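What the coordinates show
Here's the letter readout for the chains.
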Amino acid sequence: MKVHILDDWFDTLRGLPCFELLNEHDVTVWTDHVEDEAVLAERLADAEVLVLFRERTRITRSLLDRLPNLRLISQRSVYPHVDVPACTDTGVLLCSNMHSDTPSYAAAELTFGLILAAMRQIPAQMASAKAGHWQMGVGKTLRNRTLGLYGYGRIGREVANYASAFGMRVIWWSSDSGRARAVADGVKVANSREAFFADSDVVSVHVRLKPETRGIITGAEFERMQPGALFVNTSRAGLVASGALLAGLNAGRPGMAAVDVFDSEPLTDPTDPLLAHPNLICTPHIGFVTEDEFDLQFTDIFEQVNAYAAQRPIHMINPEVWSGGA
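One structure accompanies this document, and this report is about it.

Analysis parameters
Residues numbered from 1 in each chain as written. Predicted model: local features only at pLDDT ≥ 70, side-chain atom pairs only at ≥ 80, totals over all residues. Heavy atoms only, no water. Helix = DSSP H or I, 4+ residues; strand = E, 2+ residues; numbered from the N terminus. Rg over C-alpha atoms; globule rule 2.2 N^0.38 Å. Contact = heavy atoms within 4.5 Å. Areas by Shrake-Rupley, 256 points an atom, 1.4 Å probe, with all protein chains shown as cover. Lys, Arg positive; Asp, Glu negative; His and termini not counted. Charge placed at Lys NZ, Arg CZ, Asp CG, Glu CD. Pairing = 2+ DSSP bridges. Axes fitted to C-alpha atoms, helices over the stretch in contact; angles between N-to-C directions. Core = buried A, V, L, I, M, F, W, Y, C linked by side-chain atoms within 4.5 Å. Buried < 20%, exposed > 50% of the residue type's maximum accessible area, 1.4 Å probe, protein only. Salt bridge = Lys/Arg side-chain N within 4 Å of Asp/Glu carboxyl O. Polar contact = N/O pair within 3.5 Å; in protein donor to acceptor, adjacent residues only side chain to side chain. Disulfide = S-S within 2.5 Å.

The next thing to look at is the overall build of the chain. Counting its regular elements, the chain contains 12 helices and 11 strands. By the compact-globule yardstick of 20 Å for 326 residues, the chain fits well, its C-alpha radius of gyration being 22 Å. Considering only C-alpha atoms, the chain reaches an extent of 60 × 50 × 35 Å along its principal axes. Taking the intrachain contacts of the chain between residues at least 6 apart in sequence as the baseline, contacts between residues at least 24 apart amount to 62%. When the accessible surface of the chain is summed, it comes to about 15400 Å², and 51% of that surface belongs to carbon and sulfur atoms. For the chain, the centre of its 29 positive side-chain charges and the centre of its 40 negative side-chain charges are spaced 8 Å apart.

Moving on to the environment of Asn191. Relative to the helices and strands, Asn191 resides in the loop between helix 7 (176–185) and helix 8 (193–199). Along the primary structure Asn191 and Leu16 are separated by 175 residues, whereas in three dimensions their C-alpha atoms are 46 Å apart.

Take the sheet that holds strand 11 (residues 280–282) next. Pairing within the open sheet is parallel, and its six strands lie in the order 7-6-8-9-10-11. The open sheet has two free edges, formed respectively by strand 7 (169–173) and strand 11, since each of these has just one partner strand. In this sheet, neighbouring strand axes are inclined to one another by 20 degrees on average, regardless of whether the strands run parallel or antiparallel. As paired elements, strand 6 (residues 146–150) and strand 7 share five bridges and run parallel to each other. Note that in strand 7 the partner of Tyr150 across the bridge is Trp173. Strands in contact with helix 4 (residues 105–119) are strand 6, strand 8 (202–205), strand 9 (230–233), strand 10 (256–259) and strand 11; relative to strand 9, the strand with the most contacts, it is inclined by about 155 degrees. Running at roughly 150 degrees to strand 10, helix 10 (residues 244–251) makes contact with strand 9, strand 10 and strand 11 of the sheet.

A separate point is the nonpolar core. In this structure, Phe231 and Leu245 are the most contacted members of the largest nonpolar core, which totals 51 residues. Among the elements that line this core, the one with the most residues is helix 4, at eight residues. In contact with Phe231, other than residues within four places in its own chain, are Val203, Val205, Ile217, Phe222, Met225, Val240, Leu245, Pro254, Met256, Ala257 and Ala258. Listed in part, the 23 residues of the second largest apolar core include Val3, Leu22, Phe298 and Val321.

To continue, consider the side chain of Asp260. Within the secondary structure layout, Asp260 lies in the loop between strand 10 and strand 11. The side chain of Asp260 sits in the buried core without any salt bridge; Arg236 is the nearest counter-charge, 7.2 Å away. Within the structure, Asp260 has its side chain in polar contact with the side chain of Thr283 (distance 2.7 Å). From its side chain, Asp260 meets the backbone nitrogen of Ile286 in a polar contact 2.7 Å long.

Attention now moves to the pattern of salt bridges. Taken as a whole, this structure holds 10 salt bridges when the rule is applied. Linking Arg236 and Glu55 is a salt bridge whose minimum nitrogen-to-oxygen distance equals 2.5 Å. Remark: Glu55 occurs in the loop between strand 3 (49–51) and helix 2 (61–64) and Arg236 occurs in the loop between strand 9 and helix 10; sequence separation between them is 181 residues. Overall, Glu55 belongs to the partly exposed group, its relative accessible area being 25%. Between Lys210 and Glu212 there is a salt bridge; the shortest N-O distance is 3.7 Å. Judged by its relative accessible area of 56%, Glu212 falls in the exposed class. Residues participating in the shared-partner salt-bridge network are Arg193, Glu221 and Arg224.

As a further point, take the sheet that holds strand 5 (residues 93–97). Judged by pairing direction, the sheet is parallel, and its five strands sit side by side in the order 2-1-3-4-5 without closing on themselves. Because the sheet does not close on itself, it has two edges, and the strands there are strand 2 (26–29) and strand 5. The mean angle between the axes of side-by-side strands here comes to 20 degrees, regardless of whether they run parallel or antiparallel.

Further remarks concern the state of the cysteines. Taken as a whole and assessed by the stated rule, the structure comprises zero disulfides. Cys87 supplies the cysteine sulfur nearest to Cys95, a cysteine that is in no disulfide, at a spacing of 10 Å.

What follows is about unusual backbone geometry. Going from Arg253 to Pro254, the amide bond is cis rather than trans, its omega being 5 degrees. Within the secondary structure, Pro254 sits in the loop between helix 10 and strand 10. Residue Pro266 follows Glu265 across a cis peptide bond; omega there is -5 degrees. Of note, Pro266 is situated in the loop between strand 10 and strand 11. Residue Asp11 is not a glycine yet carries a positive backbone phi of 50 degrees. Turning to its location among the elements, Asp11 is positioned in the loop between strand 1 (2–5) and strand 2.

What follows is the structure in structure tokens.
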């Protein structure tokens, strides 16, 4: 099959063990990012299978209408960037392994790395030392501080394990069902949403972005945070109401933020007011960007491609396409 892989920016996949799973296919790897649908349609004109690199490219109805040879889209995890009804209407099967039993250890590690970097001022201290100014301020110890984890899921629980190793207290907030699971597991749940934000020295959000979770954290939550508190987001920028984080930083609540996600990505404008804010440290959406995580994820994705080629598709999101047109 003719397989096209989008957005492998550093041409990483060809060097990983999982790439051998595509040995029987005609594979084209695109290492740049293209927004123009006309250019994308021209590039992908002969594609029978489209492999997506997480959410780097949106798959719209108008693009699908220009890809008559496309039969399968293979990816991993959630798919807010894919127009599923349009896939169904155009006869394209979407397969995505939701990996319900496998947390992203890479994302959990980055989350805690950002917490440590922010609380100990590591980026600013490094910059000061390299500029010949030596120390630039006084950081905060993690031990005996309170980490508030919003969202009782796989990644959050891994972050909690790291926090416990550092001697932090962990409290939780989540949906009704998430809080019920947390209580059943015997972990500490905040008495209220308001208390969760007010009592945490660090708040880290680990919630999937869905219509019902978009904008769940607003300026009101930031107003309740302590002036010296840290807000961390390695999940999705859309979980925070538009403009609320910048307004909160400008008002001094939270005192700092550490994020891996932005409303517009890739964000390449150094004058962007959030990106340039002195109380923000950030990374460019690298929560899942490790060789180990890529090999894990793309093993799942390429196995989906091979299962489809063998007429035994797996992880189908719109199975009516297969049952009706295979």
